[in-house]
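Letter by letter, the chains look like this.
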Amino acid sequence: MNASELAGEPSGWPPLREELRGIEPYGAPQLDVPVQLNVNENPYPPSAEVVADVAAAVAETAAHLNRYPDRELTELRAALADYLAADGSPGLRPEQVWAANGSNEVMLQLLQAFAGPGRTAVGFAPTYSMYPEYARVTNTRWVVGHREEDFSLDLDRARALVQQHRPTVVLLPSPNNPTGTALPPEAVSTLCGAVGDGLVVVDEAYGEFRRDGTPSALELLPRHRNLVVTRTMSKAFALAGARLGYLAAAPEICDALRLVRLPYHLSAVTQTVALAALRHSSELLGRVADLRAERDACVDWLRAQGLTVADSDANYVLFGSFADRHGVWQALLDRGVLIRETGPEGWLRVSIGTPAEMGAFRKALTEVLEEAR
Ligand code: PMP
């Protein structure tokens, strides 16, 4: 259904909420083309060994599907705490971890519990396009500040915006989507201080792809009780199809989320799959180093073509600037390469794929740039 169909008939049928009329559902085109570099997925499927272990674990779980799952996610929270302990958060306890169906659901639950009618959430554009949607569906006022030309945050301006609007939630992706920009720890600490009793949510969906020397906000958790760090298994763990996102925060924050989660929100099958994947984390994460190297090579290559490229700590690269970015996007698609038309006017984003996929992208873009000359 397109936006005008969703807008409903003039008579007002179906009786959609006013603020949802005319809105397009979120989502990039899901097209069946040979080279898919548009939604920041991990291009490497799980190995036969991981598939076999996941399948065996699911078979065992299937024998008990007459029962509801563990709604406190006890085993999974302990396994995720162990994983995060090894990535910048030593000593993290299971009660400081919470999980849901993708980090999208984790962040929606955060707004359901800590924002809502009469409250404000703040973000800094260009940024992840789902944030205003969480605000809309939770009836939260959405205030958007702006990033600098190089997509960094000017801390004085960011602090002033937060002090002016007094949000209960600040959403800060690091690295930012779609620009790939990571936040320095001073930015996180400054905003944790500026927001008073509100929460600062650092969305580290792509945290594992950060460059050497870029710290994770996990390290700051012991210093700020109002800091929440969200992560996902969709990207570095190559598990987008399983839908598992999680967060690390003070136990009081995790506890509060139990008030808004739906009963048994995380299925027994999802919990089992995530636990099996965590047992194989070193193998699943083994490709992250390859993807980071491929990302750095992609940045260099795009710059060598004379394009402007944002520094990236993620598994995608934002580049431009094109007078007709839609034309470039379409010309790449015509050559079987699907990337994403997103970000500020004139820019395009490419997700990092396998060496073969990146070769196809470079070949197609070379042809398109030559045609445009
Ligand atoms: N945060 C950011 C910045 C993202 O780009 C995405 C995925 N596109 C998510 C969160 C959500 O990912 P998931 O729900 O798969 O965990």
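Everything that follows concerns the structure shown earlier in this document.
Residues numbered from 1 in each chain as written. Predicted model: local features only at pLDDT ≥ 70, side-chain atom pairs only at ≥ 80, totals over all residues. Heavy atoms only, no water.

Trainee: Just to check I follow, could you spell out the overall build of the protein for this structure?
Mentor: In terms of helices and strands, the protein carries 13 helices and 12 strands. By principal-axis analysis of the C-alpha atoms, the protein measures approximately 60 × 55 × 55 Å. Classification of the 373 residues of the protein by burial places 53% in the buried group. Here the contacts in the protein between residues at least 6 apart in sequence split such that 72% fall between residues at least 24 apart. Surface exposure of the protein reaches about 16900 Å², of which carbon and sulfur atoms provide 52%. (Helix = DSSP H or I, 4+ residues; strand = E, 2+ residues; numbered from the N terminus. Buried < 20%, exposed > 50% of the residue type's maximum accessible area, 1.4 Å probe, protein only. Contact = heavy atoms within 4.5 Å. Areas by Shrake-Rupley, 256 points an atom, 1.4 Å probe, with all protein chains shown as cover.)

Trainee: Would you mind going over the site of the ligand with me for this structure?
Mentor: With respect to spatial proximity, 13 residues lie near the ligand, and among them Ser103, Asp203, Tyr206, Thr232 and Ser234 are the closest. With respect to the ligand, the side chain of Asp203 contributes an N or O atom lying 2.6 Å from a nitrogen atom. Within the side chain of Arg243, an N or O atom sits 2.8 Å from an oxygen atom of the ligand. Protein contact buries 93% of the 400 Å² of open area that the ligand shows by itself. Per-element accounting of the shell around the ligand gives the leading share, 4 residues, to helix α4 (residues 102-114). For the shell around the ligand, the class distribution of residues is 4 nonpolar, 6 polar and 3 charged. (Near = heavy atom within 4 Å. Polar contact = N/O pair within 3.5 Å; in protein donor to acceptor, adjacent residues only side chain to side chain. Nonpolar A, V, L, I, M, F, W, Y, C, P; charged D, E, K, R; others polar.)

Trainee: Honestly, the packing of aromatic side chains in this entry has me stumped. Any pointers?
Mentor: Aromatic ring pairs: the centre-centre distance and the angle between the two ring planes describe each pair. Across all of its chains, the model carries 10 aromatic pairs by this definition. When the centroid spacing of 4.9 Å and the interplanar angle of 80° are considered together, the rings of Tyr206 and Tyr316 count as edge-to-face. With Tyr206 in the loop between β6 (199-203) and β7 (227-232) and Tyr316 in strand β10 (residues 316-320), this residue pair connects regions lying 110 residues apart in the sequence. Of the two residues, Tyr206 and Tyr316, neither departs from the other in class, the shared state being buried. (Phe/Tyr/Trp six-rings, centres within 6.5 Å; stacked < 30°, edge-to-face > 60°.)

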